[in-house]
Amino acid sequence: MSKEIEIIVDAKTYHAQEGSLLIDLLIKEKIKVPYFCYHESLGTDGNCRMCMVEIEGQKRPQIACDTFIKPDMEVRSTGENIEKIRTDILELELINHPVDCPTCDQAGECSLQEFYMDYGLHDSKVTITDKVKHSKHVDLGSNVILDQERCVLCARCTRFTDKITHTHELGIIGRGDEARVSTMPGRKLDNPYAMNVVDLCPVGALTSKDFRFAQRVWFLQTVNSVCHGCAKGCNIFIDHNKIKYQDDVIYRFRPRRNDDVNGFFICDEGRLSYKELQENRQGVSLLNSKEITEEEAIQEAKALIKKYKNNISVVIDANLYSEEIEAILAFAKEINASVHSPLDIYIDETFKDNMLKSANRAANYKTIETLSIDTNEPESGGLLINFNHPQEFKSDSKIDFLTHKRDGADLVFPVAAFSENSGTLSNEDGIIQICEKAISKNIPIPTIIETLSKVLV
Amino acid sequence: MKECKIVSRKFEIPNSHTLEVSKAHGGYRTLVKMDEYSPLEIIEIIKESKLRGKGGGGAPAAGKWALMPQESDKPSFLAVNCDESEPGTFKDRQIISKDPHLLIEGILLTCYAIKAKHAYIYIRGEYKQFQDILQSAIDEAYEDGLLDHCDITIHRGAGAYICGEKSALLESMEGKRGHPRLKPKQKEPEWFFDNPTLVNNVETIASVPFIVENGADVYKSYGTEHSPGTLLFAMSGHINNPGVYEAEFGTPMMEYINHFGGGIKNNKKLKAVIPGGASTDVLTAKEAECATLDYETLRSMKSALGTGGMIVMDEDTCMVTALKNLLEFYHEESCGQCTPCREGTGWTDKLVGKILDKKGTKEDIEKLLEIADTMNGKTICVFAPAVATVIKSFVSKFRDEFEVAL
Amino acid sequence: MSFVFSEKNLLKIEALKKRYPSPKALCLPCLWMAQHQEGFISIDAIDAISEKIGIPAMEIYRVVTFYTMFHLEPQDKLNVQVCKTLSCKLCGSDEILKHLEDKDVKITHVECLGSCGTAPVMQIDDIYYEDLSPEKVDEILKALQ
């Protein structure tokens with residue numbers, strides 16, 4: 001068992017586990033040290049040499065990612081000597097780096113830019129005219145594009161495919177400054193977590209084909225949310241923006257670190273699931289497939305509820321927020337309806353893997369179970385009020401509350417998707433997680449709770 | 001000049017590479033010492049003899065041997081470094097082609113001392129024709145029962161200077177790219193698939209039989225106090241009789257060059273000597289006159305003995321061209337793992353090329369020295385510091401030639 | 001077209017596996033065997049080696065591109081490797097390179113071959129040709145072609 005000890009960094013005292021990595025402490029305490037190749041999920045590689053710090057008693061500066069915390073250690077992360085070293089190594093990193101910033105998607109979230117602003121800002125003293133040339137915009141497959149010239153050879157992407165996904169598609173080939181990242185000839189990057197390399201890459205060498213040239217990152221607004229692709233509930237950032245005269249749209253999901261749920265990564269399917277939030281949406285109320293106003297729809301709903309009194313079933317989608325589910329339960333009680341949420345349809349054993357993907361595709365099924373909602377199918381006949389549940393049920397009359405277009409109901413209400421609302425989910429391990437509202441559409445679609453409150457009035 | 005035949009004793013004998021000739025001239029007679037001495041006693045003899053590693057580093061061999069565990073549940077290994085790729089160095093090839101049985105004898109003694117049961121000889125890929133001679137010697141030894149308790153396997157490299165670095169050598173043997181490893185914070189043996197391994201140069205191992213047979217004091221009667229024994233020094237370049245000639249440490253450099261080398265070719269004047277293979281500071285002719293071939297003297301002259309492979313340059317040599325040639329070598333051989341080396345070797349190569357093309361400026365020369373500073377002491381292995389050494393010594397000692405070329 | 005090791009090589013591989021603590025060490029030996037068998041290292045050969053020794057194909061591919069002596073493509077001409085490093089340069093490697101310019105061979109500039117005492121030097125396949133002069137080069141090429 002390693003014990004907690006005190007060490008000094010920049011004349012301040014910190015507590016850390018003896019034998020742990022110095023760089024972990026620096027990251028945790030937000031002591032700014034530049035680095036490319038270290039990553040908490042991948043461990044130390046020691047090749048970028050940027051994280052050098054001065055250690056009292058050691059003649060030469062040491063890389064923080066390969067230094068273990070020892071008692072009475074004194075570390076200096078700032079100072080003329082160290083900063084000159086950083087500037088010099090950064091200059092070497094930049095010497096063959098193409099000046100692609102105007103067209104590079106990484107601009108604004110690029111480590112090279114960031115470090116240059118912190119430790120560079122000098123005039124280039126490079127007098128040789130020929131930079132080393134490699135391949136640009138290589139389509140690696142899985143929506144990842146490689147630009148070999150921009151690469152700083154930190155080896156994060158190759159270590160990811162080696163150690164995390166064990167699929168070994170990427171590697172550094174060649175030697176010296178001819179070294180470059182590549183796949184084997186004719187082979188593609190092809191694993192369910194491939195796009196995580198885009199996040200791992202500190203520069204614009206690996207970029208998302210899906211996000212290519214879509215938006216400058218400094219225009220994006222970010223909220224915290226949770227992916228609804230399965231019951232794992234991987235934490236995400238939703239990046240969205242409203243361009244003038246257009247609507248607020250989501251540009252991408254990015255993984256958000258949560259050591260208790262998904263670690264650092266999300267699966268590609270979850271990452272790209274933002275698209276379906278913006279396609280084929282049910283935007284208006286319908287009666288017998290004809291468009292009506294919200295007012296008319298509410299009146300129609302009240303009429304139907306009165307007509308089928310005591311013969312109403314309510315079905316709930318297990319992807320809804322817990323607050324929405326509870327509001328529906330209260331609604332069902334008011335109108336004396338039976339409540340169901342059949343869960344079998346969400347099970348997909350082929351989706352499950354031994355990393356993050358769960359066999360249960362419903363983001364909030366745990367809440368259904370916790371609230372002891374009946375998972376049997378509803379009795380056929382009477383009025384069926386379906387709150388976005390994907391299954392088809394037989395009934396005399398049907399009201400659908402839908403996020404996406406679907407036929408078969410007499411009355412249809414449009415419903416806000418999870419990104420247009422806030423709420424909580426309970427993942428398969430029972431962890432309760434909050435999703436913030438991301439999108440505010442120009443013409444907002446009402447949430448379930450808003451609509452129900454009008455129907456009940 | 002004292003005659004030194006510690007390692008090269010059998011080189012001139014016809015068919016010296018065969019077991020029969022080797023044994024007829026005393027080969028393998030030291031093996032009986034394994035009955036006389038315990039493994040720790042053998043290490044003590046080596047320690048007393050102050051045998052220094054002959055791969056370029058010059059670190060005391062016994063220090064490395066002592067790091068190997070005498071008791072371990074993991075098998076120990078010996079890796080003999082025959083990756084000889086340092087420009088100017090061609091001595092290990094003499095041992096494996098002219099007296100391979102001496103090397104095998106040394107391996108047996110070393111493995112006994114460090115409790116290893118298997119020795120690998122990592123030989124550079126280009127040395128195939130010499131590897132064949134070594135392999136037939138090993139086959140002879142197997143047939144003769146000499147290798148009943150210790151296996152020897154040759155492992156062929158494939159063209160990478162960096163695999164001569166001991167941790168890169170082991171990475172290469174493990175089936176990976178030859179990337180040097182991050183150095184541990186405490187003294188420990190090297191690791192081959194997580195098993196303790198000793199890495200030593202061919203000549204270091206080949207020196208062991210003489211020391212074990214004759215004792216530390218006889219070995220120390222050669223050479224100087226801090227650099228005892230002999231080395232297979234080599235000469236190449238503008239010299240009349242280039243080649244490998246064994247001599248004791250402390251021999252004055254000019255005496256060596258004149259005695260064995262027959263002086264400078266075409267009666268030209270000496271201009272510069274690189275004393276120990278390309279990665280050592282170049283010496284001017286004046287410095288060469290004061291130099292003696294031992295570790296301490298050359299270190300005090302801000303150079304190094306390295307592998308003892310002298311590259312001799314005459315008065316007509318353009319030092320800028322010579323530096324460009326060496327930087328091209330380093331540029332080609334950098335493994336590319338860490339930033340300062342990967343980018344620095346390319347950049348300095350191009351800068352000197354620019355100066356050679358008459359497009360250089362004074363700032364370029366300053367920049368060369370700056371880059372050399374950045375490459376020094378901030379990388380994973382000592383390849384980049386070697387480049388820094390070369391650049392700094394050439395530019396500072398022959399500055400006028402660089403400025404004229406601008 | 002798939003690559004299959006010859007019977008002889010398969011036996012060698014099995015014998016070698018006993019000499020190392022892990023089959024992964026057979027990477028370089030297997031690559032040499034494959035190159036000798038086929039004349040170059042094909043992707044199929046890499047896959048075959050990967051199966052035999054348990055290293056992912058990409059790792060083997062990385063290794064192949066790291067070393068200078070492995071070829072990923074068939075060699076159609078005689079590969080003449082001339083040493084260009086300092087000692088050979090001081091002893092006239094430039095003259096040899098110039099002399100080879102108009103010959104029907106593939107000329108590769110290689111770094112120090114460890115034959116500085118007999119410079120200038122060239123290597124063709126596994127043999128060193130030392131103490132070269134333009135005349136000697138002509139003799140050697142004639143004998144080989």
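Residues numbered from 1 in each chain as written. Chains lettered and ligands numbered in written order. Predicted model: local features only at pLDDT ≥ 70, side-chain atom pairs only at ≥ 80, totals over all residues.

Along its length, chain A carries 10 helices and 22 strands. If you line up chain A on its principal axes, its C-alpha atoms span 85 × 50 × 40 Å. In chain A, buried positions account for 45% of the 457 residues. In chain A, 63% of the contacts between residues at least 6 apart in sequence involve partners at least 24 apart. (Helix = DSSP H or I, 4+ residues; strand = E, 2+ residues; numbered from the N terminus. Buried ≥ 20, exposed ≤ 12 C-beta atoms within 10 Å, placed from the backbone. Contact = placed C-beta atoms within 7 Å.)

Averaged over all residues, the pLDDT of chain B equals 94, while 100% of them reach at least 70. What the predictor reports for the complex is a pTM of 0.94 with an ipTM of 0.96. (pLDDT = per-residue confidence, 0-100.)

This part covers the interface of chain A and chain C. Taken together, the 9 residues of chain A in the interface contact 9 residues of chain C. Tallied by class, the residues present in the side of chain A that touches chain C amount to 4 nonpolar, 3 polar and 2 charged. (Nonpolar A, V, L, I, M, F, W, Y, C, P; charged D, E, K, R; others polar.)

As a further point, take the domain arrangement of chain A. Residue and element names in this part refer to chain A. The assigned domain composition of chain A is domain 1 (4-78), domain 2 (93-208) and domain 3 (285-456). Counting from both sides, the interface comprises 9 residues of domain 1 and, opposite them, 15 residues of domain 2. When its residues are assigned to classes, the side of domain 1 that touches domain 2 shows 5 nonpolar, 3 polar and 1 charged. (Domains from an automatic or database assignment.)

With that settled, consider the sheet that holds strand 5 (residues 195-201) of chain B. Residue and element names in this part refer to chain B. Strands sit in the order 3-2-1-5-4 across an open sheet of 5 strands; the sheet is mixed. Looking along the sheet, the strands with just one partner apiece sit at the ends: strand 3 (151-156) and strand 4 (190-192). On average, each strand axis in the sheet is inclined to that of its neighbour by 35°, with strand direction left out of account. Relative to strand 3, strand 2 (residues 116-123) runs parallel, the two sharing 6 bridges. Paired with Tyr120 across the two strands is Thr153, which belongs to strand 3. Against the sheet, helix 7 (residues 128-143) engages strand 2 and strand 3, with an angle of about 165° to strand 3. (Pairing = 2+ DSSP bridges. Axes fitted to C-alpha atoms, helices over the stretch in contact; angles between N-to-C directions.)

Residue and element names in this part refer to chain B. By size, the foremost hydrophobic cluster in this structure holds 292 residues, and its most contacted members are Ala79 and Val80. It is helix 6 (residues 100-114) that provides the largest number of residues to this core, a total of 10 residues. With residues up to four places along the chain from it excluded, the contact list for Val80 reads Ile107, Ala119, Tyr120, Ile121, Tyr122, Asn200, Val202 and Ile205. (Core = buried A, V, L, I, M, F, W, Y, C linked by C-beta atoms within 7 Å.)

As a further point, take the domain arrangement of chain B. All names here are of chain B. You can read the domains of chain B as domain 1 (19-220), domain 2 (231-314) and domain 3 (319-404). Here domain 1 and domain 2 have C-alpha centroids that lie 27 Å from each other. Listed per partner, the contact involves 13 residues of domain 1 and 16 residues of domain 2. Tallied by class, residues from the side of domain 1 that touches domain 2 come to 2 nonpolar, 6 polar and 5 charged.

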